[in-house]
Amino acid sequence: AVVSTQSTGVHEIAEQIGQKLAKAEQLGNEGNVDESVALLSDIESLKSEKRQAEEEYRNNLPQPQLQQQKLRVCEVCAAYLCLYDNDRRLADHFGGKLHMGFIQIREKRNILQQVDDKSLEQEGTMDRETFTTNKI
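**Q** How would you summarise the overall build of the protein if you had to cite specific residues and measurements?
**A** A tally of regular secondary structure across the protein gives 6 helices and 2 strands. The helix and strand sequence of the protein, counted from the amino end, reads α-α-α-β-β-α-α-α. Counted over contacts in the protein with a minimum sequence separation of 6, partners at least 24 positions apart contribute 53%. Per element, the accessible surface of the protein, about 9,500 Å² overall, is 50% carbon and sulfur.

This is how it looks when you write it as C-alpha cells:
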C-alpha cells in the first residue's frame, strides 16, 4: 500500500511538471516571459520534490518489483508513462497531440452533453429515448 501511494505521488508530481513545462513554453511563445520564468522556478522546486519522492519509492520497493513497477497509464489518454522519464519527455507527452486531443474531445463532449440536457429540459417531460426518436 505504501509503495502504490508513493508511485502515485511520483506520477502526480511528474504530471504537474509536464503540464507546467508545457504552459511555460506556451507563455514564452506568447511573449509572457515573466510568467514563464515564474513557472520555471516552480518547476525547479517540483523537480527536487520528484527526485526525493522517487528515491523514497525506490528504497521501499522489493528488488524483483523494481523492474515491474516502471510503467503507469496516463489517466487522460491511456498512454504508458515511465515513472522515471525525464521532465522534458513528460512535458512533450502532456503537450502532445494525442494527450491534448483527448482533453479537447472531453471538453467538447461536456459541452454537447450540456446542450443535450438543456434541449431535453425545454421539451418538457419527455425522456431521452423519446426525444432522440422524435428527432430522427
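**Q** Tell me about the side chain of His11, and name the residues and values.
**A** In this fold, His11 is placed in helix 1 (residues 2-30). In this structure His11 touches Arg72, Val73, Leu81 and Leu83, once residues within four positions along its chain are discounted.

**Q** Before we move on, can you summarise the pattern of salt bridges with the specific residues and values?
**A** Counted under the stated rule, the structure contains 5 salt bridges. As a salt-bridge pair, Asp92 and Arg88 come within 3.2 Å of each other at their nearest N and O atoms. Taken as a pair, Asp92 and Arg88 lie in helix 4 (residues 87-94) at a separation of 4 residues, close to a single helical turn. One continuous salt-bridge network, built from bridges that share partners, spans Glu25, Arg88 and Asp92.

**Q** Account for the environment of Ile103, with residues named and values stated.
**A** On the secondary structure map, Ile103 appears in helix 5 (residues 97-123). Judged by its relative accessible area of 29%, Ile103 falls in the partly exposed class.

**Q** Give me the lowdown on helix 2 (residues 33-60), citing residues and values where you can.
**A** The first and last C-alpha atoms of helix 2 sit 40 Å apart over 28 residues, in line with the 40 Å expected at 1.5 Å per residue. The set of residues buried in helix 2 consists of Ser36, Leu39, Ile43, Leu46, Lys50, Ala53, Glu54 and Tyr57.

**Q** Describe the nonpolar core, listing the residues and the values that go with them.
**A** Membership of the largest hydrophobic core is limited to 10 residues, which are Val10, Ile13, Ile17, Leu21, Ile43, Leu46, Ala53, Tyr57, Leu83 and Ala91. Apart from residues lying up to four places away in sequence, Leu21 is in contact with Leu40, Ile43, Asp87, Arg88 and Ala91. In this structure, Val76, Cys77, Leu90 and Phe94 belong to the second largest nonpolar core, which totals 7 residues.

Calculation rules
Residues numbered from 1 in each chain as written. Predicted model: local features only at pLDDT ≥ 70, side-chain atom pairs only at ≥ 80, totals over all residues. Heavy atoms only, no water. Helix = DSSP H or I, 4+ residues; strand = E, 2+ residues; numbered from the N terminus. Contact = heavy atoms within 4.5 Å. Areas by Shrake-Rupley, 256 points an atom, 1.4 Å probe, with all protein chains shown as cover. Salt bridge = Lys/Arg side-chain N within 4 Å of Asp/Glu carboxyl O. Buried < 20%, exposed > 50% of the residue type's maximum accessible area, 1.4 Å probe, protein only. Expected span 1.5 Å × (residues − 1). Core = buried A, V, L, I, M, F, W, Y, C linked by side-chain atoms within 4.5 Å.

In short, geometric facts, not functional conclusions.
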